[in-house]
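So the chains spell out like this:
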Amino acid sequence: MSSAFVIRNAVRFGRRLLAGRTQFAFERPQSIGLEIDGPVGLYVHVPFCAQLCPYCPYDRIPYDRALADAFVESVGAEARQWAQRLPGRQVSSIYFGGGTPTILGPQLAQIAASLREAFAVSGPLCLETNPADLTPKKVRMLADLGVESISLGVQSFQQPLLQRLGRKYSPAQARRALEWLARERWAINVDLMFALPGQSMEDLDADLREALSCGAQQLTAYPLFTFPYSAVASHRALQGVQMPRLPTRRRMFRRVWDRSTAAGFAPVSVWSFMRPEGGHRYSSVTRRRFLGLGPSAASFDGRRYLLNTFSVPEYVRSVRERGHAVALSMPIEPRLERLYDFYWRLYDTYVPKTKPGASAVPGRRRIEALLDAGGLLGMLEQDASGYRLNRRGAFWIHVAQNYFFLSDVNTIWATALRDPWPARIAF
Ligand SMILES: C[S@@+](CC[C@H](N)C(=O)[O-])C[C@H]1O[C@@H](n2cnc3c(N)ncnc32)[C@H](O)[C@@H]1O
Ligand code: SF4
């Protein structure tokens, strides 16, 4: 029996058990309405980068001034269109993700102004960036914009690893960028990647030491995911270098967990650790209700999940012609919403216990049985109010993500990157 066969059937079994069906599909939407009364998290996807990293699975293209100008205008138009459809127009946070949002320079302020005009914005402004894209001038521009929280994609402080990943900056540049950010007193998150080809335990220790002592409030450490559609497998620098095997990945994950917690950082998601006095938590994943602007951005109102087209020129054209760029939609029934919510609680490492009577919600009893099983397997610790994921549990969530969810993300994203307006994507 091949491992692909075992995994395929395990996925089918898990889906049947928890979601009550084995197949899901995105389709072209008949209408694009979202039913959101309260505040939403706003996500703006900026798809431009100076260089494209070969391992990166996100929707990103090389920076092009003319396309960037059209993009900035379109985000404003898309925001105005959505604001008319959301009764309260309340926005509780703004995240600029990408891509490399800071590559837009002062045009970022133009987008922020359009958003503030279209919506009643009350929450923090957060964004992610790359050390190669920061200068003291840009940092001052971000301060004028009202940025409160920033994530710096350092990935590693080791020159050979940065080179192998195709990153175009030195460790010294990453350190300088961190110093500039620290002066602004923002909440800083540092992204590291681990389980990199050719990475030793000593490399990882050195990266953790530096990331945990650089003044950042939060550390996020991702194991390298290899999406078949990204160029990672054919990247010349990675050819002939062994990817770490599962036991090595486990040892590395344990090291990330142990060093972070020993340094006083507490787990706040399966990837992230935060100082107790850390303040605002950086998370590019908005969980409850969110509205996405820009190519490949997703929106969710609890009943429908919408995805914009992934093509930047098509995004611009569609917003000009129709005011929006929604390409795909999937209905989310209550049972699936419950599962979605459960997944994000687990991802956040804490699942509160259900209030009496809430077990009537479809699928809740199965989720509770799953939590009890997790407890018996030593992955969760229970207290009076909920279940806390421990190191072992967090590692198995990593593994589950790698084998189960990434193949779905791969199917959806690979199709959407190839075809701007797919008729249907089943997974
Ligand atoms: C959208 S990216 C990055 C922000 C910025 N453009 C940069 O490259 O620094 C967000 C984070 O995803 C992580 N990431 C990207 N590709 C990954 C992959 N294939 N596996 C694991 N993590 C990945 C990196 O840690 C990165 O900082
Ligand atoms: S990792 Fe960051 S800089 Fe590299 S291609 Fe992806 S979004 Fe762009």
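Above: the structure in question.
Summarised in this report is the structure supplied together with it. Model, not experiment: these values are computed from the prediction.

Quick notes on unusual backbone geometry
- The omega torsion of the bond from Gly98 to Gly99 falls at 20 degrees, within 30 degrees of zero and hence cis.
- Among the structural elements, Gly99 can be located in the loop between β5 (90-98) and α3 (107-118).
- A positive phi is found at Arg185, a non-glycine position, where the angle reads about 60 degrees.
- Examined against the element boundaries, Arg185 turns out to sit in the loop between α6 (171-183) and β9 (187-194).
- With a relative accessible area of 77%, Arg185 lands in the exposed category.
- If you check the backbone angles, Thr349 has positive phi at about 70 degrees while not being a glycine.
- In this fold, Thr349 is placed in the loop between α10 (334-347) and β17 (350-352).

Examining the side chain of Gln199
- In this structure, Gln199 sits in the loop between β9 and α7 (201-213).
- The exposure class of Gln199 is buried, given its relative accessible area of 8%.
- Those residues in contact with Gln199, other than ones at most four positions away along the chain, are Leu161, Arg164, Met193, Phe194, Leu204, Asp207 and Met252.

So, the environment of Arg245
- Position of Arg245 relative to the elements: it lies in the loop between β10 (218-223) and α8 (246-262).
- Along the backbone, Arg245 and Ala195 are 50 residues apart, and their C-alpha atoms lie at a distance of 8.6 Å.

Thoughts on the site of ligand 1
- Looking at ligand 1, there are 18 residues lining it, with Gly99, Gln155, Arg167, Asp191 and Phe225 nearest.
- At a separation of 3.0 Å, a nitrogen atom of ligand 1 approaches a polar backbone atom of Tyr55.
- The side chain of Arg167 places a nitrogen or oxygen atom 2.8 Å from an oxygen atom of ligand 1.
- Compared with its free state, where it exposes 560 Å², ligand 1 has 94% of that area covered by protein.
- Put simply, the parts of the chain that give the shell around ligand 1 at least two residues each are β7 (125-129), β8 (147-155), β9 and β10.

Brief notes about helix α2 (residues 65-85)
- Look at α2: 31 Å from first C-alpha to last across 21 residues, which is about the 30 Å you get at 1.5 Å a residue.
- If you check which residues of α2 are buried, you get Ala68, Ala70, Phe71, Val72, Ser74, Val75, Gly76, Glu78, Ala79, Gln81, Trp82 and Ala83.
- Measuring from the side-chain oxygen of the N-cap residue of α2 to the backbone nitrogen of Ala66 gives 3.2 Å; that N-cap residue is Asp64.

Focus: the nonpolar core
- If you look at the biggest cluster of nonpolar residues, it comprises 114 residues, and the most contacted ones within it are Phe96, Phe119 and Leu142.
- Formed jointly, this core draws a minimum of three residues from each of two domains, domain 1 (40-274) and domain 2 (334-419).
- Residues Cys56, Leu165, Leu196 and Leu224 belong to the second largest nonpolar core, which totals eight residues.

Digging into the pattern of salt bridges
- Tallied over the full model, the rule gives 12 salt bridges.
- When the shortest N-O distance is used, the salt bridge between Asp341 and Arg345 registers 3.8 Å. Note that Asp341 and Arg345 are positioned in helix α10 at a spacing of four residues, about one turn of the helix.

Some words on the site of ligand 2
- The full set of residues close to ligand 2 is Cys49, Gln51, Leu52, Cys53, Tyr55, Cys56, Arg60, Gly99, Thr100, Asn130 and Arg167.
- In terms of residue class, the shell around ligand 2 is made up of five nonpolar, four polar and two charged.

Brief notes about a nonpolar patch on the surface
- Where nonpolar side chains cluster on the molecular surface, the patch consists of Leu246, Trp396 and Tyr403 and spans about 270 Å² of accessible area.
- Checked against the element boundaries, Tyr403 lands in helix α12 (residues 391-418).

Here's the deal with the sheet that holds β17
- Judged by pairing direction, the sheet is antiparallel, and its three strands sit side by side in the order β17-β19-β18 without closing on themselves. What marks the edges here is a single partner per strand, and that holds for β17 and β18 (380-382). Here the average twist between neighbouring strands, direction ignored, is 20 degrees.
- Against the sheet, α10 engages β17, β18 and β19 (386-389), with an angle of about 130 degrees to β17.
- The sheet strands contacting helix α11 (residues 364-376) are β17, β18 and β19, and the helix crosses β18 at an angle near 105 degrees.

So, how was this worked out
Residues numbered from 1 in each chain as written. Chains lettered and ligands numbered in written order. Predicted model: local features only at pLDDT ≥ 70, side-chain atom pairs only at ≥ 80, totals over all residues. Heavy atoms only, no water. Helix = DSSP H or I, 4+ residues; strand = E, 2+ residues; numbered from the N terminus. Buried < 20%, exposed > 50% of the residue type's maximum accessible area, 1.4 Å probe, protein only. Contact = heavy atoms within 4.5 Å. Near = heavy atom within 4 Å. Polar contact = N/O pair within 3.5 Å; in protein donor to acceptor, adjacent residues only side chain to side chain. Areas by Shrake-Rupley, 256 points an atom, 1.4 Å probe, with all protein chains shown as cover. Expected span 1.5 Å × (residues − 1). Core = buried A, V, L, I, M, F, W, Y, C linked by side-chain atoms within 4.5 Å. Domains from an automatic or database assignment. Salt bridge = Lys/Arg side-chain N within 4 Å of Asp/Glu carboxyl O. Nonpolar A, V, L, I, M, F, W, Y, C, P; charged D, E, K, R; others polar. Patch = residues over 30% accessible without salt bridge, like charges linked within 9 Å, V, L, I, M, F, W, Y side chains within 5 Å. Pairing = 2+ DSSP bridges. Axes fitted to C-alpha atoms, helices over the stretch in contact; angles between N-to-C directions.

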